[in-house]
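Notes for the structure review
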Amino acid sequence: MQSQTIDPAKTALNYHHTEAEAHHEEHPDHRITGLIMFLVAEGMIFFGMFGAYLAFRSVLPSWPPEGTPELELLLPGVNTIILISSSFVIHNADTAIKKNDVPRMRTWLAITAAMGAIFLAGQLYEYSNLEFGLTTNLFASAFYVLTGFHGLHVFIGLVAILAVLWRSRVSGHYSNEKHFGVEAAEIYWHFVDVVWIVLFGLLYIL
């Protein structure tokens, strides 16, 4: 009977490899915390812009300045309904992946992406039909900067959702235990929605 020789080097290597895996599994995941901190910083930028807008409004004798064409409410109102509804849709995607239902998750994400694209298309259509330009007056400049900056964030969120959809093609990439990408996209999308609600109230309602 032949005796089996154990290579000490391999044994030590396997031990350290196992120890490293255990350390990685025990290490807390701070990615969501990092994302929330990033969104808090982005929120401060938005609210700084909102504060500047309100300051402009308070110092001018009339707002919008005289001669500024009145904004239509129909298209922005429909856009608002679409964007707010998309928050519930993307939440369904997160709920689906936590139940390990990848096909349903993909379906809800695809619907969310379509709604986001419709929102951006509606905003571009509104821009093309406005009767004032970026430099017409202070209100016009504020309008384009605020809605444009928000539109950029919607576009980034749309790209993130499409990236999650693309990566979900790989079997096992997302599951009820591994779904950071889905959760991060959902949180970011909710942020975009909340900012738009404030923005819509400032620009179109007040």
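Since the structure is predicted, the reported quantities are computational estimates derived from the model, not experimental observations.

1. With respect to the overall build of the protein
Counting secondary structure elements, the protein contains six helices and zero strands. When its helices and strands are written in sequence order, the protein yields α-α-α-α-α-α. In the protein, which comprises 206 residues, the share counted as buried stands at 37%. Of the roughly 12,600 Å² that the protein leaves accessible, carbon and sulfur atoms contribute 66%.

2. Observations regarding the pattern of salt bridges
Taken as a whole and judged by the stated rule, the model has two salt bridges. Its salt-bridge partner being Asp 94, residue Lys 98 comes within 3.0 Å of it at the nearest N-O pair. Of the two residues, Lys 98 and Asp 94 both sit in helix H3 (residues 74-98), four residues apart, roughly one turn of that helix. On the basis of relative accessibility, which here comes to 42%, the residue Lys 98 falls in the partly exposed class.

3. Things to note about the UniProt feature "transmembrane region" (unreviewed entry) in the protein
Mapped onto this numbering, the UniProt entry annotates "transmembrane region" (unreviewed entry) at residues 32-53, 73-93, 105-122, 142-166 and 187-205. Taken end to end, residues 32-53 is 100% helix and 0% strand, and its two terminal C-alpha atoms sit 31 Å from one another. Structurally, residues 187-205 is divided into 100% helix and 0% strand, and its ends, taken at the C-alpha atoms, are 26 Å apart.

Cut-offs and rules
- Residues numbered from 1 in each chain as written.
- Predicted model: local features only at pLDDT ≥ 70, side-chain atom pairs only at ≥ 80, totals over all residues.
- Heavy atoms only, no water.
- Helix = DSSP H or I, 4+ residues; strand = E, 2+ residues; numbered from the N terminus.
- Buried < 20%, exposed > 50% of the residue type's maximum accessible area, 1.4 Å probe, protein only.
- Areas by Shrake-Rupley, 256 points an atom, 1.4 Å probe, with all protein chains shown as cover.
- Salt bridge = Lys/Arg side-chain N within 4 Å of Asp/Glu carboxyl O.
- UniProt positions renumbered as here; feature names shortened; annotations may be inferred.

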